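# Residue-level structure breakdown
Given next are the chains, with one letter for each unit.
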Amino acid sequence: MKFENYGPFRIPRRGPIIDRPALSGFWKAVGEQSVGLPTAQGCYIFAIKAGKGYTPWYVGKAAGRDGFQQEALSDGKQNQYNWAWSSQAYGKGTMVLFFVARRTASGKDFSRQAGTADIDWLERHLISLALEANNDLLNVHYTRIHKELFVPGVINDPAKKFSEATTELQRTLNVQPIKRRLPKRAPAAPLPMEAIEPASDGAPITVPANKAQSEIAEAPLDAVQADEVRHAALMPQISPARLERAEHERKPRLFLFGRRRS
């Protein structure tokens with residue numbers, strides 16, 4: 001059982017809806033990237049790219065004779081994709097499709113073997129992963145159990161403290177619990193210029209610790225620190241971008257059909 005990933009393929013859009021007359025060109029482009037991909041079997045993921053990242057909105061499977069071309073952009077699926085776009089009021093962005101196609105054991109061609117057990121399992125697993133990225137996933141089937149199933153310290157449990165049994169089970173399954181961090185925030189107020197102005201004789205600058213700390217609110221370890229503010233003022237050649245930190249951090253995932261690997 002071997003699968004290969006393809007995409008993302010940009011879906012033509014006319015305003016807030018999919019441009020249906022242009023879909024023939026879409027499938028032509030898919031086929032040009034990999035011959036036979038439009039009619040291959042497997043799973044597909046519809047996502048919307050806005051900014052630097054992709055948000056998954058639907059996961060489906062294609063096990064029919066015409067494969068992805070039959071399922072991924074059917075009339076019903078297009079209505080769902082259009083709704084996802086309109087519901088979030090995307091001003092700018094791109095609708096895309098990813099294909100996870102089943103291939104032969106040698107990997108030289110697309111597989112059309114009888115039976116869909118592998119595709120069915122893959123669809124459910126991809127749904128569980130997509131739900132971790134977007135809790136508003138449009139899928140109806142197989143989503144309720146992912147949202148409601150609860151196993152302490154293993155599935156859908158954001159707690160910080162666990163029983164001894166739960167801790168030992170986490171170690172056994174190599175599961176990492178969700179770690180929540182305090183919101184990042186910058187110092188309450190910048191240091192006054194007289195506190196960081198270089199001395200005329202070029203001597204090293206010393207800022208009274210009590211003065212610097214009194215004007216900076218206590219911040220988490222991952223926030224901008226006072227010494228970073230002083231260095232930025234003393235060394236303007238350093239790009240401010242080096243002092244910026246990401247405001248969001250991807251949370252460790254707890255998967256129903258898998259586990260997080262280091």
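The structure this text deals with has already been given above.
These lines cover the structure that appears in this document, whether it is placed above or below. Within every chain, residues take consecutive numbers counted from 1 along the sequence as written. Only residues with pLDDT of at least 70 get local features here, since the model is predicted, and only at 80 or more are side-chain atom pairs given and counted; chain-wide, interface and lining totals rely on the full set of residues. Only hydrogens and water are set aside; all other atoms, that is, all heavy atoms of the structure, feed into the side-chain values.

### Re the pattern of salt bridges
A pairing counts as a salt bridge when a side-chain nitrogen of Lys or Arg comes within 4 Å of a carboxyl oxygen of Asp or Glu. Following the criterion strictly, the structure yields seven salt bridges and no others. When the shortest N-O distance is used, the salt bridge between K61 and D120 registers 2.6 Å. Residue K61 is found in strand β5 (residues 53–62), and its partner D120 is found in helix α4 (residues 117–133); the two are separated by 59 residues along the sequence. Two residues, R171 and E168, come together in a salt bridge whose shortest N-O distance is 3.2 Å. On the criterion of helical spacing, the pair formed by R171 and E168 is a turn pair, its members being three residues apart in helix α6 (residues 164–173). Each helix corresponds to a stretch of at least 4 residues labelled H or I by DSSP, and each strand to a stretch of at least 2 residues labelled E; elements are numbered beginning at the N terminus.

### Things to note about the layout of surface pockets
The volume enclosed by the second largest pocket comes to roughly 150 Å³. For each structure, a 1 Å grid was placed over the protein atoms alone; sets of points admitting a 1.4 Å probe that cannot get out are labelled cavities, open sets with protein on both sides within 12 Å along at least five of seven lines are labelled pockets, and lining residues have an atom within 4 Å of a point. Taken together, Y58, G60, K61, Q80, E123, I127, N139, V140, H141 and Y142 make up the full set of residues lining the second largest pocket. Sorting the residues of the lining of the second largest pocket by element identifies β5 and α4 as the ones contributing at least two each. In terms of residue count, β5 provides more of the lining of the second largest pocket than any other element does, three residues in total. Grid points are joined across faces, edges and corners, and a volume is the space filled by probe spheres set on the points.

### So, the side chain of D157
Along the polypeptide, D157 turns up in the loop between α5 (144–148) and α6. As used in this structure description, the phrase polar contact means that two N or O atoms lie within 3.5 Å; if the pair is within protein, one of them must be able to donate a hydrogen and the other to accept it, and residues adjacent in sequence are counted only when both atoms belong to side chains. A polar side-chain atom of D157 sits 3.1 Å from the main-chain amide nitrogen of A159.

### Observations regarding the pairing of strand β6 (residues 94–103)
Relative accessible area decides the class of each residue, using a 1.4 Å probe on protein chains only: under 20% of the type maximum gives buried, over 50% gives exposed, and in between gives partly exposed. Burial within β6 is extensive, with eight of its 10 residues counted as buried. By the convention used here, strands pair only if DSSP detects at least 2 bridges between them. Sheet topology note: the strand β1 (residues 2–10)/β6 ladder contains seven bridges and is antiparallel. The partner of E4 across the bridge, within β6, is A101. In this structure, strand β4 (residues 42–50) lies alongside β6, joined through eight bridges in antiparallel fashion. Note that in β6 the partner of Y44 across the bridge is F99.

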